[in-house]
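Observations on the model geometry
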Amino acid sequence: MGDSLSAGSDRAEPLIRSPDPATARVGIRFAREAIHKWRGGPARLWPALVHALDHEDPDVRASAVDTIGRSIWATRRAADRLAQLTADPIVGWPATAALAREGDRRALPALRAVLATAATDTTHPGLVRAAAGFADDSSAPLLGAVLDRLAGHDAASCACSLRDRGCLLPAALAALDPGVPAASAAVPALIAALSDVASVEAHTWPRGRIAQLLGEFGPAAGDAVPLLERLIAEGGEALERHATLALIRITGDRRLAEARLDALGPATRRPRQAVVLLDWLVDHGGLSARHSAELWSMAADPMWTYARVLPPLWRHAGEAALPVLLAALPQLLEVDVYGAFVYRLLDELGAAAEPVVPALDAIIDRHERAPEPGDDADTVSRDERLVERARATRARIVEAVAHDVQIHGTGN
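What comes next is a walk through the structure. (Residues numbered from 1 in each chain as written. Predicted model: local features only at pLDDT ≥ 70, side-chain atom pairs only at ≥ 80, totals over all residues. Heavy atoms only, no water.)

1. Looking at the environment of isoleucine 68
- Secondary-structure assignment places isoleucine 68 in helix 4 (residues 58-69).
- Taking relative accessible area as the criterion, isoleucine 68 reaches 1% and is therefore assigned buried.
- Each C-alpha atom, one on isoleucine 68 and one on leucine 82, is 9.4 Å from the other, the two residues being 14 residues apart in sequence.
- For isoleucine 68, the residues in contact, after removing those within four places along its chain, are Leu49, Val50, Leu53, Ala74, Thr75, Ala78 and Leu82. (Helix = DSSP H or I, 4+ residues; strand = E, 2+ residues; numbered from the N terminus. Buried < 20%, exposed > 50% of the residue type's maximum accessible area, 1.4 Å probe, protein only. Contact = heavy atoms within 4.5 Å.)

2. A word on empty space enclosed by the protein
- Evaluated as defined, the whole model comprises three cavities of 30 Å³ or more.
- Taken as a whole, the largest cavity spans an internal volume of roughly 50 Å³.
- In this structure, the largest cavity is lined by Ala135, Asp137, Ala140, Pro141, Leu142, Leu143, Val146, Ala175, Leu176, Asp177, Val180 and Ala183. (1 Å grid on protein atoms, 1.4 Å probe; cavity = no way out; pocket = protein on both sides within 12 Å on 5 of 7 lines; lining within 4 Å. Points joined across faces, edges and corners; volume = space filled by probe spheres on them.)

3. Focus: the nonpolar core
- Among the nonpolar cores identified, the biggest contains 81 residues, and Leu82, Leu142, Leu190, Leu214 and Leu228 are the most heavily contacted of them.
- Those residues in contact with leucine 214 that lie beyond four places of it in its chain are Val187, Leu190, Ile191, Leu194, Ala221, Ala224 and Ile250. (Core = buried A, V, L, I, M, F, W, Y, C linked by side-chain atoms within 4.5 Å.)

4. Thoughts on the packing of aromatic side chains
- Applying the stated criterion across every chain, the model contains one aromatic pair.
- Summarising the aromatic geometry, the rings of tryptophan 46 and tryptophan 73 are spaced 6.1 Å apart at their centres and angled 70 degrees between planes, so their arrangement reads as edge-to-face. Residue tryptophan 46 is located in helix 3 (residues 41-52), and its partner tryptophan 73 is located in helix 5 (residues 72-77); the two are separated by 27 residues in the primary sequence.
- The ring of phenylalanine 30 is capped by arginine 11, whose NZ or CZ atom sits 4.0 Å from the centre of that ring. (Phe/Tyr/Trp six-rings, centres within 6.5 Å; stacked < 30°, edge-to-face > 60°. Lys NZ or Arg CZ within 6 Å of the ring centre and 35° of its normal.)

5. As for helix 14 (residues 225-234)
- Residues of helix 14 that are buried include every one of Val225, Leu227, Leu228 and Leu231, and no others. The buried residues of helix 14 occupy one face: seen down the axis, they fall within an arc of 160 degrees. Exposed residues lying more than 90 degrees from the buried face of helix 14 are Pro226, Ala233 and Glu234. (Arc of directions from axis to C-beta.)

6. Digging into the environment of arginine 112
- For arginine 112, the position within the fold is in helix 8 (residues 108-117).
- Through-space distance from the C-alpha of arginine 112 to that of valine 146 is 8.9 Å; in sequence the pair is 34 residues apart.

7. Points about the pattern of salt bridges
- If you walk through the whole model with that rule in mind, you get 24 salt bridges.
- The closest approach of N and O atoms between arginine 106 and aspartate 104, which form a salt bridge, is 2.9 Å.
- Assessed through its relative accessible area of 38%, arginine 106 is described here as partly exposed.
- Between aspartate 283 and arginine 315 there is a salt bridge, with its nearest N and O atoms 2.9 Å apart. With a gap of 32 residues between them, aspartate 283 in helix 17 (residues 271-283) and arginine 315 in helix 19 (residues 310-317) connect regions that are remote in the sequence.
- By relative accessible area, arginine 315 is classed as partly exposed at 33%.
- Several salt bridges share partner residues, and in doing so they unite Arg39, Arg369, Asp383 and Glu384 into one network. (Salt bridge = Lys/Arg side-chain N within 4 Å of Asp/Glu carboxyl O.)

8. Section: the packing of helix 14 against helix 15 (residues 237-251)
- Where helix 14 meets helix 15, the axes come as close as 8 Å, and the angle between the chain directions of the two elements is 145 degrees. Helix 14 and helix 15 meet at a crossing whose hand is left-handed. Contact with helix 14, carried on its side by Val225, Leu228, Glu229, Leu231 and Ile232, involves Leu239, Glu240, Ala243, Thr244, Ala246, Leu247, Ile250 and Thr251 of helix 15 and no other residues of that element.
- Partitioned by chemical class, the residues of the contact of helix 14 with helix 15 number nine nonpolar, two polar and two charged. (Axes fitted to C-alpha atoms, helices over the stretch in contact; angles between N-to-C directions. Left-handed = near helix turned anticlockwise from the far one by under 90°. Nonpolar A, V, L, I, M, F, W, Y, C, P; charged D, E, K, R; others polar.)

9. Some words on unusual backbone geometry
- Of note in the backbone geometry, alanine 140 takes a positive phi value of approximately 45 degrees without being a glycine.
- Of note, alanine 140 is situated in the loop between helix 9 (127-132) and helix 10 (143-151).

See below:
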């Protein structure tokens, strides 16, 4: 690995530093390829890429910002320089987006301006992820812009059924974290937006996402109950599902949750819906014998042993679930869509997760990035987040094992 990376870096660096725009762009392309493939690429090449941020050619500057922004490591180390570029007419937005993804508050003024003034997000790629970078900030710094965007949303004419293209509503919703107390100020605006959007047949995605968000606010969204009940009676299947789950979370109605679960039939027919309901029931009074059997059947069948099943199984069954968990978790460590569930569960397992350490080591010690189809702009950041999670989780498991040895005189 070292020789290959060194050769690629040695070839790219002098080209990147060339005053000739065409030559510099070739060098940046080589650098992007090296960073895309090798984990050591950002550390070797970011100084040259930062140098390119001062190039007189705007295309060179834009390419350098884009390449730096693909790497969490490089973004953090170039943050001061990127912050100076957020108002630049050429590279201002990609610099802002890169900083925002890391929750760097120096991106806030430019990000607020985009949320407040942009007609669509087609000229601001990555806006949803940029807005989400501040969602868990306890001061909810984008709340004002979110409320303005919700108030100004025109359900009849927007294209928000396309999720993150052509409409800023998805970005506004991404900036809200129901776990942040200040965000509850958005509940009335979300209710109004859902009522508005619900009248438009094609807007399936925003209707479902708004209903889901209201449910995540729990009892704080109590004023949404009449609207959700109406949508359950009048909406299509997808909206009815989201509205029912939201109503359960807001009201805490176990009978509704159990009835909904039973109406699905065998859980393995609709595992995604079933596991959400089982997960909620585990934490709100526990499972009946019948529903416990359904959860176990989902976990025992390899077709349905996926990350969402495992946390409620652990909370429901405790140590009895360990054989299933320890067999499944090593296979799920690199599945990005389940990362939050898998690594949170490993933290909860503590010392009991010690058998998973070798699989974590295999991730941490690899020099090449996990193979991805094509040149996905998120490949590098996904891999870097994976390594950060794996390292942090490994350290906590090892600490928990050492604590057990200290207290009990033996490991697991």
